[in-house]
Amino acid sequence: MSGDSEEAPPEVHHYNDRSEVPWDIQNYWAQRYKLFSKYDEGIWLTDDAWFGVTPEPVAKFVVLPVECGFGIAFAYNLHSKIAEHIAKSAPKGRSILVDAFAGAGGNTIAFALSGRWKRVYAIEKDPAVLQCAKHNAKVYGVENKITWFEGDCFEIIKNQLKDLAPYSVLFGSPPWGGPGYRSDEVFNLRTMEPYSLRKLYDEYSAFTEHMVLYLPRTSDLRQLAKVVKDDRKATVMHYCMEGASKALCIYYGDFNME
Ligand SMILES: C[S@@+](CC[C@H](N)C(=O)[O-])C[C@H]1O[C@@H](n2cnc3c(N)ncnc32)[C@H](O)[C@@H]1O
């Protein structure tokens, strides 16, 4: 694995050739450079983690003016585009980024690369996936900018990160399980598994008013609006690749989305 002396856990792979790749991952593997531009430098993923990685960004994009809390961004690499948006729009006094569902590190690495944050705190409950994230951060040379936590994000945020609350922005890219993610025209965020939007919003808003959630592009907008109290701001940003929306981010709190 890229001449790296580090030992990979048995469930971790770096596929060099399509013939090695399990069939259900082949479509994701075909997009490996959009997920990780440095894929060939020895990026690690578990087979499950392929399904959850947010595609990485590009320099070429257009951001339409956001009106009524709604925007569209075109990106080649979503990780960097999202990281750039959050870096630019977050209130100045917020200098810490907490990535609650780090996965294999796609978003975490982009946050660290943005240079906007004094520190990035990344949480992942699956030990093998966390090992991938740490390894991948090394490939990108940003491992020293990130503090890693293995465990449940809700517990860690409540118990270990609470002193950082006044300085933090929280980013969450949760699993999108539950009925109808692929089939339903409108994705029901109440039945999203294992964590509903309500659960995520309530837990995280007890920590910080400034949070960004990465959710299916078909997420129910009324449900997204309904969890917020009337005086709070919410902005939906669609992230598009090759002309089509891939996902959306809901920005809850005082982000300056110009
Ligand atoms: C959609 S993936 C995140 C992908 C990541 N943003 C990336 O680009 O690589 C969701 C991750 O959340 C992790 N996870 C699920 N529940 C968790 C919890 N309660 N605390 C921390 N991590 C959790 C899963 O193991 C999975 O790796």
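Bear in mind the structure is a predicted one, so any value in this text is a computation, not a measurement.

**A closer look at the packing of helix α4 (residues 78-89) against helix α5 (residues 106-114)**
Each pair of packed helices can be described by the angle between their axes along with the distance between the axes.
Piece 1. One can describe the packing of α4 onto α5 by two numbers: an axis separation of 8 Å at closest approach and a directional angle of 50°. When the axes of α4 and α5 are compared, the pair comes out oblique. At the point where α4 passes α5, the crossing takes the right-handed sense. When α4 is examined against α5, the residues His-79, Ser-80, Ala-83, Ile-86 and Ala-87 are found in contact with a partner set consisting of Gly-106, Asn-107, Ala-110, Phe-111 and Ser-114.
Piece 2. Among the residues forming the contact of α4 with α5, the class breakdown is five nonpolar, five polar and no charged.

**A short note on the confidence of the model for the protein chain**
Piece 1. Mean pLDDT over the protein chain: 86, with 88% of residues reaching 70 or higher.
Piece 2. Confidence drops under a pLDDT of 50 for residues 57-69, and excluding neighbours within four residues, the segment shows 29 contacts in the predicted structure.

**A short note on the nonpolar core**
Piece 1. Formed by 85 residues in total, the largest nonpolar core has its most connected members in Ile-86, Ile-157, Leu-161, Tyr-204, Leu-215 and Tyr-252.
Piece 2. Structurally, this core is a two-domain feature, drawing no fewer than three residues from each of domain 1 (12-52) and domain 2 (70-252).
Piece 3. When neighbours within four sequence positions are excluded, Leu-215 is seen to be in contact with Pro-174, Trp-176, Leu-189, Met-192, Leu-197, Leu-224, Ala-247, Leu-248 and Ile-250.

**Comments concerning the packing of aromatic side chains**
Piece 1. Scanning the model with the defined rule gives 12 aromatic pairs in all.
Piece 2. The interplanar angle of 70° and the centroid separation of 5.0 Å between the aromatic rings of Phe-154 and Tyr-195 together place this pair among those described as edge-to-face. Here Phe-154, found in helix α7 (residues 153-159), pairs with Tyr-195, found in the loop between β7 (168-172) and α8 (197-205); they are 41 residues apart in sequence, far enough to count as distant. No difference in accessibility class separates Phe-154 from Tyr-195, as the two residues are buried.
Piece 3. Each residue in the set Phe-101, Phe-154, Tyr-195 and Tyr-204 is aromatic and connected to the rest through ring pairs, giving one cluster.

Scoring rules and cut-offs
Residues numbered from 1 in each chain as written. Predicted model: local features only at pLDDT ≥ 70, side-chain atom pairs only at ≥ 80, totals over all residues. Heavy atoms only, no water. Axes fitted to C-alpha atoms, helices over the stretch in contact; angles between N-to-C directions. Helix = DSSP H or I, 4+ residues; strand = E, 2+ residues; numbered from the N terminus. Parallel < 35°, antiparallel > 145°, perpendicular 65-115°, else oblique. Left-handed = near helix turned anticlockwise from the far one by under 90°. Contact = heavy atoms within 4.5 Å. Nonpolar A, V, L, I, M, F, W, Y, C, P; charged D, E, K, R; others polar. pLDDT = per-residue confidence, 0-100. Core = buried A, V, L, I, M, F, W, Y, C linked by side-chain atoms within 4.5 Å. Buried < 20%, exposed > 50% of the residue type's maximum accessible area, 1.4 Å probe, protein only. Domains from an automatic or database assignment. Phe/Tyr/Trp six-rings, centres within 6.5 Å; stacked < 30°, edge-to-face > 60°.

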